[in-house]
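What follows is the residue order along each chain.
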Amino acid sequence: MDYALLYPGTQGSRLDDSPSSSVFDLPVQPANPSPQPLATRESSSNNFNLRPRTLSVQTTDTPESSPKITVISGGSGGNAICSAFDNACFVLPVSDDGGSSSEIIRVLGGPSIGDIRSRLVRMIPPAPPNSTLGAVRTFLSYRLPANVSEREAREEWRDIIEGHSPLWSGIPNDRKETIRGFLVYFENEVLKRAHKNFSFLNGSIGNYFISGAQTFFRSLPSAIFLFASITSSQANIIPVIVTNHTVTIAAELENGIRLVGQCEISHPVNPSSSFEEDGPEIDAFSPVDGMGESIPHRSNIMYSQVDKDRGYEPLEAKIYRLYYINAYGHEVHPTPNPEFIKTLATSETLVYSCGSLWTSIIPCLALRGVASAIARSSLLRAKILLLNGSNDRETDGYTAVDYVKAIVGVLNSDYQKPSYGLGNARTVYPISAFITHLIWLEGSPIEADVPALTALGVKAIMVRGNIEGDEDQGPRYDAGVVRHALAQILA
């Protein structure tokens, strides 16, 4: 990306070399932008042809000239390929209750911000480690140690918020004091709840910063904007639900068993982990469809990549449905972020990214109005499912057809509040209204029955992924593979 176009006056110098760069150095339009033709005049007519024309000249591949893409994904599942999408809007769930987010939720409440922080850090522009952006990236990516005593973790945290930690090295004073201010605010909120004994073990500094900003502004989108501004990121990230409450999902299995919380569904932890026993704290000034605050949560759930590599224990039965619950365990139907619905109406491509199907993708779909926004969009010309490279606990035994039917089944479910009176008809959309293409990896253990997919109205496209590390883990997507596949579909 040419930052000289985004930041006029920076030609001849590096973007992040400014000794006192402003926190809110947002991109502005060039002083004399080149006019873009909105229409072409036909030689045989005095009327304008308002249809988009195909240019035969070579154009620069910039986000502005690329089709707008809406990407529905989780955090880690889609991070490796997010650079494949130009001019993209990333929609992420706010229901993850694992990692250091679990401790923040247990003590402070609020929506989960772990997946959002992970994507924001990944979208920071590339920069040398000794540059300003490099230093900011290192700082906001840092985690406090997990294999030390609580006292040692608190001492390191104290060095950070007092500004003495070597992690601050290379960060200009304006950005440092802005970041530190919200970390201090986060610390203050934790101290107000000292009886809950907040644990700093394995704590993410980026999570603490976003949580402090979200609590201060009482707005997660505002916290995202602040993070993106400080890191000079052009990331367009939308939380699927806008709320100041904790968001909890539950899954009902085919045998009637109910699992509560993302961790319990996708990777349960040792049941000996402590629970927060205090009742939910209800804030009358932040209502969202009766969602309330949080149900009791485990304390500081740590789940590493090593744990994932050990495999998984299959569910007792397949997941029948996924839904949201409030603080009392009752099913609720939250309203999606209006920006999510708006971006679906203005995008040309929708991508269901790889990742946890039932706890990352489907929480973004099991909401009121999402199905009709996808099915009825006049601009969406490709709705693409990136099939996972392998199954997990949530999808054990699934085929490609099962993935498609799970997504379509959720979108065709009724998530509206019950209406009374006549005319309560419900529209059931065909599969092709939600998924038009499926991309799958050659050599994947997940069966992709191409004739069956074609019969459902879905075009299957096989791509060759990369094998990294242990070949037993199967092929994986990378940004280049996904970019090439999208170009084929959109050509």
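These figures come from a predicted structure and were not determined experimentally.

Enquirer: Just checking my understanding: could you explain the nonpolar core for this structure?
Expert: The nonpolar side chains of a soluble globular protein tend to be buried, and buried together. Counting 127 residues, the largest nonpolar core has Phe 85, Leu 183, Tyr 352 and Tyr 477 as its most contacted members. In terms of residue count, helix H15 (residues 400-411) provides more of this core than any other element does, nine residues in total. If we ignore the near neighbours within four places in the chain, the residues touching Leu 183 are Phe 139, Trp 157, Ile 160, Ile 161, Trp 168, Ile 205, Tyr 208 and Phe 209.

Enquirer: How should the pairing of strand S12 (residues 437-441) be read in this particular structure?
Expert: Within a regular strand, the side chains alternate between the two sheet faces. Of all five residues in S12, five are buried; the element is thus mostly enclosed. Covered by surrounding structure in S12 are His 437, Ile 439 and Leu 441 together with Leu 438 and Trp 440, the residues of both alternating faces. Two elements, strand S11 (residues 382-386) and S12, share three bridges in a ladder whose sense is parallel. In the sheet register, Leu 386 faces S12, and the bridge partner there is Ile 439. With five bridges connecting them, S12 and strand S13 (residues 459-463) associate as parallel partners. Note on S13: the bridge partner recorded for Trp 440 is Met 462. One crossover worth recording links S12 to the parallel S13 by way of helix H16 (residues 450-455), and it is right-handed.

Enquirer: Please explain the packing of helix H4 (residues 114-122) against helix H9 (residues 220-230) as it appears in this structure.
Expert: Each pair of packed helices can be summarised by the angle the axes make with each other and by the distance between the axes. Two numbers describe how H4 lies on H9: the axes approach to 11 Å, and their chain directions differ by 25 degrees. Here H4 is positioned roughly parallel relative to H9, judged by the angle of their axes. Between H4 and H9 lies a crossing of right-handed hand. Of the residues in H9, those touching H4 at Ile 116, Leu 120 and Val 121 are Leu 220, Ile 224 and Phe 227. Classifying every residue of the contact of H4 with H9 gives six nonpolar, no polar and no charged.

Criteria and thresholds
Residues numbered from 1 in each chain as written. Predicted model: local features only at pLDDT ≥ 70, side-chain atom pairs only at ≥ 80, totals over all residues. Heavy atoms only, no water. Core = buried A, V, L, I, M, F, W, Y, C linked by side-chain atoms within 4.5 Å. Buried < 20%, exposed > 50% of the residue type's maximum accessible area, 1.4 Å probe, protein only. Helix = DSSP H or I, 4+ residues; strand = E, 2+ residues; numbered from the N terminus. Contact = heavy atoms within 4.5 Å. Pairing = 2+ DSSP bridges. Right-handed = clockwise from strand over helix to strand, strands pointing away. Axes fitted to C-alpha atoms, helices over the stretch in contact; angles between N-to-C directions. Parallel < 35°, antiparallel > 145°, perpendicular 65-115°, else oblique. Left-handed = near helix turned anticlockwise from the far one by under 90°. Nonpolar A, V, L, I, M, F, W, Y, C, P; charged D, E, K, R; others polar.

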